[in-house]
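A structural walkthrough
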Amino acid sequence: MAVEGRFTLAAIQARQILFDRDAATDKACRLIAEAAAAGATIAAFGEAWLHGYPFFADAEFRPLSWRAMAEYQANAVEIPGPATDRLCAAAREGGIDVVIGVVERDTATLGTVYCTLLFIGREGRILGRHRKLKATHVERAVWGDGDAEGLRVHQRSYGRISGLNCWEHNLFLPGHALAAQGTQIHVAAWPGREPNNAPPYPDIIWPRQHLLSRAFASKAACYVICAAGIRMTEDVPERYRELATYEHTGQSCIIDPRGEIIAGPAEGETILLAEGAMEAVFAAKSAIDAGGHYSRPDLLRLIIDRAPLEEAAQDRGQPSASLRSPSGEAVSP
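Residues numbered from 1 in each chain as written. Predicted model: local features only at pLDDT ≥ 70, side-chain atom pairs only at ≥ 80, totals over all residues. Heavy atoms only, no water.

Quick look at the packing of aromatic side chains now. Taken as a whole, this structure holds ten aromatic pairs when the rule is applied. Between Phe 55 and Phe 56, the ring centres sit 5.6 Å apart and the planes meet at 80°, which makes this aromatic pair edge-to-face. Looking at Phe 56, the relative accessible area reads 0%, which means it is buried. Seen in terms of ring centroids, Phe 61 and Trp 66 are 5.1 Å apart; in terms of plane orientation they differ by 65°. Their pairing is edge-to-face. Among the aromatic residues, ring-to-ring pairing joins Phe 19, Phe 55, Phe 56, Tyr 72 and Tyr 240 into one connected group. (Phe/Tyr/Trp six-rings, centres within 6.5 Å; stacked < 30°, edge-to-face > 60°. Buried < 20%, exposed > 50% of the residue type's maximum accessible area, 1.4 Å probe, protein only.)

Bringing the nonpolar core into the picture now. Membership of the largest hydrophobic core comes to 29 residues, with the highest contact counts inside it found for Phe 45, Leu 50, Leu 87 and Ile 100. Breaking this core down by element, the ones donating at least two residues are β1 (6-13), α1 (21-37), α3 (82-94), β3 (97-105) and β4 (113-120). Ignoring sequence-local partners within four residues, the contact set of Ile 100 consists of Ala 28, Phe 45, Trp 49, Leu 50, Leu 87, Thr 116, Leu 117 and Leu 118. Val 99, Leu 117, Ala 274 and Met 278 belong to the second-largest nonpolar core, a separate cluster that totals 25 residues. (Core = buried A, V, L, I, M, F, W, Y, C linked by side-chain atoms within 4.5 Å. Helix = DSSP H or I, 4+ residues; strand = E, 2+ residues; numbered from the N terminus. Contact = heavy atoms within 4.5 Å.)

Here we come to unusual backbone geometry. Following Ile 79, the chain continues into Pro 80 via a peptide bond in cis, with omega recorded as -5°. Relative to the assigned elements, Pro 80 resides in the loop between α2 (63-74) and α3. In this chain, Gly 264 is followed by Pro 265 through a cis amide linkage whose omega measures 0°. Position of Pro 265 among the secondary structure elements: in the loop between β13 (261-263) and β14 (270-277). Non-glycine residue His 137 carries a positive phi angle of around 50°. Topologically, His 137 is positioned in the loop between β5 (126-131) and β6 (154-156).

The next thing to look at is the sheet that holds β14. One open sheet holds the six strands; their spatial order is β5-β4-β3-β2-β1-β14, and the pairing between them is mixed. The open sheet has two edge strands, β5 and β14, and neither has a second partner. Recorded for the sheet is a direction-independent mean angle of 25° between the axes of neighbouring strands. Note that β4 and β5 share five bridges and pair antiparallel. Paired with Ile 120 across the two strands is Ile 126, which belongs to β5. Running over the sheet, helix α6 (residues 278-287) touches β1 and β14 and is turned about 65° from β14. (Pairing = 2+ DSSP bridges. Axes fitted to C-alpha atoms, helices over the stretch in contact; angles between N-to-C directions.)

Another point: the sheet that holds strand β12 (residues 253-255). Working definition: the strands of a sheet are paired by backbone hydrogen bonds and lie parallel or antiparallel to each other. Strands sit in the order β6-β7-β8-β9-β12-β13 across an open sheet of six strands; the sheet is mixed. Of all the strands in the sheet, the pair left with one neighbour each is β6 and β13. Sheet twist, expressed as the average angle between the axes of neighbouring strands with direction ignored, equals 30°. Note that strand β7 (residues 159-165) and strand β8 (residues 185-190) share five bridges and pair parallel.

Put simply, the protein has an average pLDDT of 90, and 92% of its residues get 70 or more. Note that residues 316-327 has pLDDT below 50 and, in this model, eleven contacts with residues that lie over four places away or in other chains. (pLDDT = per-residue confidence, 0-100.)

Moving on, we come to the pattern of salt bridges. Under the defined criterion, the tally for this structure stands at 19 salt bridges. Its salt-bridge partner being Glu 139, residue Lys 132 comes within 2.8 Å of it at the nearest N-O pair. For the pair Lys 132 and Glu 139, one class covers both residues: buried. Sharing partners across several salt bridges, the network here consists of Asp 97, Arg 122, Glu 123 and Arg 156. (Salt bridge = Lys/Arg side-chain N within 4 Å of Asp/Glu carboxyl O.)

Each pair of packed helices can be described by the angle between their axes along with the distance between the axes. Across the interface, α1 lies against α3 with an axial gap of 9 Å and an inter-helix angle of 10°. As far as their axial angle goes, α3 and α1 are roughly parallel. Crossing hand, α1 versus α3: right-handed. Note on element contacts: α3 touches α1 through Ala 83, Arg 86, Leu 87, Ala 90, Ala 91 and Gly 94, opposite Arg 21, Asp 22, Thr 25, Asp 26, Ala 28, Cys 29, Ile 32 and Ala 36. When grouped by side-chain class, the residues that make up the contact of α1 with α3 number eight nonpolar, two polar and four charged. (Parallel < 35°, antiparallel > 145°, perpendicular 65-115°, else oblique. Left-handed = near helix turned anticlockwise from the far one by under 90°. Nonpolar A, V, L, I, M, F, W, Y, C, P; charged D, E, K, R; others polar.)

Below, the discussion takes up the environment of Cys 253. Here Cys 253 is to be found in strand β12. Cys 253 sits in the buried class, given a relative accessible area of 0%. On a C-alpha basis, the gap between Cys 253 and Ala 227 in space is 6.8 Å, while along the polypeptide they are 26 residues apart. Ignoring anything within four residues of it in the chain, the contact list for Cys 253 reads His 210, Val 224, Ile 225, Cys 226, Ile 261, Ala 263, Gly 264, Pro 265 and Leu 272.

Below you can see the structure in the form of structure tokens.
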């Protein structure tokens, strides 16, 4: 009997609307409808797409930077909230699963924002959220540390889906945690930039979105939607334009479970589509199942602390969570 299961993957590559949560939500809902009309089973946006990557963190901090920071926080998304209600409605109306990067505001303190991947089901409900575990370099001036509560795969009718933000793909353990849960379709969310050439030494940090997304697909034996956003200089409001130091140009792609690009890199605003088949996932996992036959559980184990940040904040007198926290959950034997 043939292996069943086919699906259409979509990377929504679009210009960000900065400092305007409502307008960005309007655009996201339109794009979700377009992806659904194009036949997508699951559609993904780039990192922090709603309402945009904190470009101002790369500039030298000055009074204007703090004004940008304040406006950035004021336009963040609460989960749940009016913006997520509208995204859920768009997913339900389109009959499509959606993974979208949002700037999430902490509803307890109203003073911290997170780089969050929001998972929305075609039923119109929130499946889960994943807060970026550790912001990269200057991002730490803007985004708070996430937790492992959202480091999960979500079972859908066509397969298991997961996601990570940007340079989380440069870390070993988060990727293993998802591979050990059997991810089959993974969203790699990026701000959106793939230089033609690596910068000269000693520059260390640049996106490497294709390299790291392809590596994840190969190691986890899954499809990867490498979803990237666009932010050109003219997209930055004039009042903050002097803080913009570079542009995000997209280059989204879709990668098969062997690690090969099967669609893209995309240029400009577009919805990039590719067909996927569960047969390809099963074939790849038969060669390498990082949480199963290709592991050594007698030598190596990963234990994750699932306690949400909100619970940890209630217990300030206790040591910080570790890989062997009492509340830990083993995800690989």
